Amino acid sequence: MSKADDVRKMVSESYSAAVKAALARRKAKQAKSAPSKSCCCGGAPKISEQSLAELAGYSREALAGLPPDAVTSSFGCGNPVALAAIREGDTVLDLGSGAGIDLLLAARLAGPSGRVIGVDMTPAMIERARANAEKAGLKNVEVRQGIIEDLPVESGTVDLVISNCVINLSPEKNRVFAELARVLKPGGRISISDICAEMMPDWAIQAGHLYSACISGAIPEAAYIQGLVEAGLEDVKVTDRLVYDAQQLSGLLGSVESGGCCGGSSALTPAQLERAVSELVGTIASLRFVGMKPVV
Ligand SMILES: C[S@@+](CC[C@H](N)C(=O)[O-])C[C@H]1O[C@@H](n2cnc3c(N)ncnc32)[C@H](O)[C@@H]1O
């Protein structure tokens, strides 16, 4: 196994545990035995799962019509579907589709003549996404198992690539950028929400508990744009930017037990959380990138 495979395995195990925990919490809540509906770890401010989804940019109206499991098992940091102008009939590909929140939102917009394909490497996530698509009655959703560095998708077949808080987790980001460019049709577009970090202290790069939490693998905005441009995309730019303040960062990192944004890490200790927030605040942002594959 290569070092990159080791990283993917660690990330997949984290998210497998996170989605199973999210499901168990929801079932416990339904049985009225859950102690709290908010996160509680590390002394972080309590943020409910719904508000985390709202912080990520989903409106209450959009969330209202979705199966509850798709919302409470959402681990995104933005809403790549909201302003992506999905057209009826589009083929949309979601990289790292998780439990399927964006698949479902995109599938409604693409309509019965369109199709939405999710790719994820974690079997527990794939199972949730398929179950959620079925619960939502959406027949135009397909979820494939695979890695985003080697997409199980035919070249030149996709109108829009979306992704929500996933590429930061890849140990081989340039392979991902090349793959998304390969599968797009000429004129096809991207709408990608992800975490970027302007600087990363060495201790944070080494901190395994911060990798699955979408911190340690995050790269600067300029490097992200350069990666997309070098893969052959044009008009690449950032359209939305949320630089997390201390409270938001604390809530997001401290929310791992409750499965909020980027909830793949095991819970941080109070000391780890305090250090991460005090040293990283102001440098971590959720961004939305757009761009296009040239028509020629
Ligand atoms: C932070 S979660 C985001 C899930 C989903 N996009 C959402 O917004 O809820 C990251 C997801 O990406 C998947 N993932 C991470 N790295 C991957 C890779 N290299 N290939 C395929 N899937 C990957 C994980 O299994 C997990 O489901």
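Look up a bit, the structure's there.
Computed from a prediction, not measured in an experiment: that's the story for all the values here. (Residues numbered from 1 in each chain as written. Predicted model: local features only at pLDDT ≥ 70, side-chain atom pairs only at ≥ 80, totals over all residues.)

Okay, the pairing of strand β3 (residues 141-145) next. Here strand β2 (residues 115-120) pairs with β3 via 5 bridges, running parallel. Residue pairing across strands places Asp120 opposite Gln145, the latter belonging to β3. Traced from β2 through helix α6 (residues 123-135) to β3, the parallel crossover comes out right-handed. (Pairing = 2+ DSSP bridges. Helix = DSSP H or I, 4+ residues; strand = E, 2+ residues; numbered from the N terminus. Right-handed = clockwise from strand over helix to strand, strands pointing away.)

Our next topic: the nonpolar core. One finds Leu93, Ala106, Val161, Leu180, Ile215 and Ile284 to be the most contacted residues of the largest nonpolar core, which totals 84 residues. Considering each element in turn, this core owes the most residues, 7 residues, to helix α5 (residues 101-110). Excluding residues that lie within four positions of it along the chain, Ile215 makes contacts with Ala197, Ala204, Leu210, Leu280 and Ile284. (Core = buried A, V, L, I, M, F, W, Y, C linked by C-beta atoms within 7 Å. Buried ≥ 20, exposed ≤ 12 C-beta atoms within 10 Å, placed from the backbone. Contact = placed C-beta atoms within 7 Å.)

Here we come to unusual backbone geometry. Positive phi outside glycine occurs at Ala85, with the angle close to 50 degrees. Structurally, Ala85 is set in the loop between α4 (68-72) and β1 (91-95). C-beta crowding within 10 Å serves as the criterion here: with 11 such atoms nearby, Ala85 is assigned to the exposed category. Phi at Cys165 is positive, roughly 70 degrees, even though this residue is not glycine. The buried category is assigned to Cys165, around which 26 C-beta atoms lie within 10 Å.

Here helix α11 (residues 246-253) crosses helix α12 (residues 270-280) at 145 degrees, and the two axes come no closer than 10 Å. As α11 packs across α12, the resulting crossing turns out to be right-handed. Side by side, α11 and α12 meet where Ala246, Leu249, Ser250 and Leu253 of the first sit next to Leu273, Ala276, Val277 and Leu280 of the second. Among the residues making up the contact of α11 with α12, the classes are represented as 7 nonpolar, 1 polar and no charged. (Axes fitted to C-alpha atoms, helices over the stretch in contact; angles between N-to-C directions. Left-handed = near helix turned anticlockwise from the far one by under 90°. Nonpolar A, V, L, I, M, F, W, Y, C, P; charged D, E, K, R; others polar.)

A word on the packing of helix α1 (residues 3-30) against α6. Two elements in contact, α1 and α6, have axes whose closest approach is 8 Å; the angle formed by their N-to-C orientations is 40 degrees. Accordingly, the angle class assigned to the pair α1 and α6 is oblique. Where α1 abuts α6, its residues Tyr15, Ser16, Val19 and Lys20 lie against Ala124, Met125 and Arg128. Counted by class, the contact of α1 with α6 contains 4 nonpolar, 1 polar and 2 charged residues. (Parallel < 35°, antiparallel > 145°, perpendicular 65-115°, else oblique.)

Taken across its 10 residues, α5 has 8 buried, putting it largely inside the fold. Those residues of α5 that fall on the buried side of the exposure criterion are Ile101, Asp102, Leu103, Leu104, Leu105, Ala106, Ala107 and Ala110.

With that out of the way, let us pick up the sheet that holds strand β7 (residues 284-292). Spatially, β3-β2-β1-β4-β5-β7-β6 is the arrangement adopted by the 7 strands of the open sheet, whose pairing is mixed. Each of the sheet's edge strands pairs with one partner strand only, and the pair in question is β3 and β6 (234-243). Strand-to-strand twist in this sheet, taken as the mean axis angle between neighbours without regard to direction, amounts to 15 degrees. Pairing of β1 with β2 involves 5 bridges; the strand directions are parallel. Within β2, the position partnered with Asp94 by the bridge is Gly118. The sheet strands contacting helix α7 (residues 173-183) are β1, β4 (158-164) and β5 (184-197), and the helix crosses β5 at an angle near 150 degrees.

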